[in-house]
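# Chain and residue survey
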Amino acid sequence: MRKIFAAILLAVFFIGCSNKENVIIIGSKDFTEQLIIGNMLQILIDETTSLTTKFVPSLSSNLIFAAIKTGDVHLYVEYSGTIFINYFGYTEKKSADEVLAVTRTEMQDRHDILVLDEIGFNNSNTLSIRQDTAESFGIKTISDLAKVSPNLTLGSTGEFTLRHDGLLGLQAVYGIRFKDSVALSGNLRHIALANDNVQVIDAYSTDGLLLRYNLVVLEDDLGAFPFYHAVPIIRRDVAEKHPELVQTLNLLAGTLNDDSMRQLNYRVDVEQEDPRDVARSFLFEAGLIR
């Protein structure tokens, strides 16, 4: 019922914006990182162009992609791996550059959507452990972990254990086998790890909670996890009508890496700062706004 209600509200909003030629509708997905980045896009456009913007936050992945294809959203930040795997259904292993090249070509050919320059961070799956576990077993990489995994318990979402870009992929590439696996969601994984109820958890590489619990992010040294590089995407008709938008969005290129995005997420998730305030302070410190 909540999803239906949200969809109705969005439909009303989109109809209200549809007749305003210079209103640029910016979307975001429904998690902290996306709220921060979505606000960055809006602030940049507001302060460097004469265009009017509307920000539509907290959309599901499927809804926001459907909305940009229909023109109800004009631009947002997507992830190369999401496009490659979830939207286009590719399963083969490719390098980060190859994934980006395919997504860039096919988004334009199939949907008239442009994939712009990479922002710089890769919000990929990762495995994380406590500092004392890393020191005790000498673990720095997932290959290191695989050697001792029969002694350790994994705490992860149920979905992670069933996905080829999750545990199934790790098993195929590293031969990793844990002593046990416990299904946990959200912050429960981090709490269980902090209490040593589990010794390994799945996480996202830019997760702010990794900093809160001072966790070690293991290097995916054999490249089992796909790349999820953040890229602004924009409808081609909107970009052609307002070419200044592409220049503005590409100002973010190379400004963030995994560590710095993790810090921004930490400020919202742990220190309870407002995502818009975090976005604005970053843009100011990066010299992108005054």
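If you're wondering where the values come from, they're calculated on a predicted model, not measured in any experiment.

### Focus on the packing of helix H4 (residues 80-87) against helix H5 (residues 96-111)
Between H4 and H5, the shortest axis-to-axis distance is 9 Å and the interhelical angle comes to 65 degrees. For the element pair H4 / H5, the angle class is roughly perpendicular. Like other packed secondary-structure pairs, H4 and H5 cross with a definite hand, here left-handed. Touching Ser-80, Gly-81, Ile-83 and Phe-84 of H4 are Val-99, Leu-100, Val-102, Thr-103 and Met-107, all from H5. Here the residues of the contact of H4 with H5 are counted per class, giving six nonpolar, three polar and no charged.

### Some points on the confidence of the model for the protein chain
Mean pLDDT over the protein chain stands at 92; residues scoring 70 or higher make up 93%. Across residues 1-9, where pLDDT falls below 50, the model places zero contacts with residues more than four positions away in sequence or in other chains. Scored below 50 in pLDDT, residues 15-19 makes two contacts in the model with residues more than four places away or belonging to other chains.

### Comments concerning H4
By the criterion of burial, H4 is predominantly enclosed, with six of the eight residues buried. Elements that come into contact with the buried residues of H4 comprise strand E1 (23-29), helix H3 (61-70), strand E3 (75-79) and H5.

### Side note on the pattern of salt bridges
All chains considered together, the criterion is met by eleven salt bridges. Of the charged contacts in the structure, one is a salt bridge between Asp-202 and Arg-189, with a shortest N-O distance of 3.1 Å. Pair noted here: Asp-202 is in strand E8 (residues 200-204) and Arg-189 is in helix H10 (residues 188-194), with a separation of 13 residues, a long-range link. We classify Asp-202 as buried; its relative accessible area is 6%. Taking the relative accessible area as the measure of exposure, Arg-189 reaches 9% and is therefore buried.

### Focus: the packing of helix H2 (residues 32-48) against helix H14 (residues 258-269)
The description of two helices packed together rests on the angle between their axes and the distance between the axes. Closest axis-to-axis distance for the H2/H14 pair is 9 Å, and the angle between their directions is 105 degrees. Taken as axis vectors, H2 and H14 run roughly perpendicular relative to one another. Where H2 approaches H14, its residues Thr-32, Glu-33, Ile-36, Ile-37 and Met-40 are matched on the opposing element by Met-261, Leu-264, Asn-265, Val-268 and Asp-269. Residues belonging to the contact of H2 with H14 are distributed by class as follows: six nonpolar, two polar and two charged.

Conventions and cut-offs
- Residues numbered from 1 in each chain as written.
- Predicted model: local features only at pLDDT ≥ 70, side-chain atom pairs only at ≥ 80, totals over all residues.
- Heavy atoms only, no water.
- Axes fitted to C-alpha atoms, helices over the stretch in contact; angles between N-to-C directions.
- Helix = DSSP H or I, 4+ residues; strand = E, 2+ residues; numbered from the N terminus.
- Parallel < 35°, antiparallel > 145°, perpendicular 65-115°, else oblique.
- Left-handed = near helix turned anticlockwise from the far one by under 90°.
- Contact = heavy atoms within 4.5 Å.
- Nonpolar A, V, L, I, M, F, W, Y, C, P; charged D, E, K, R; others polar.
- pLDDT = per-residue confidence, 0-100.
- Buried < 20%, exposed > 50% of the residue type's maximum accessible area, 1.4 Å probe, protein only.
- Salt bridge = Lys/Arg side-chain N within 4 Å of Asp/Glu carboxyl O.

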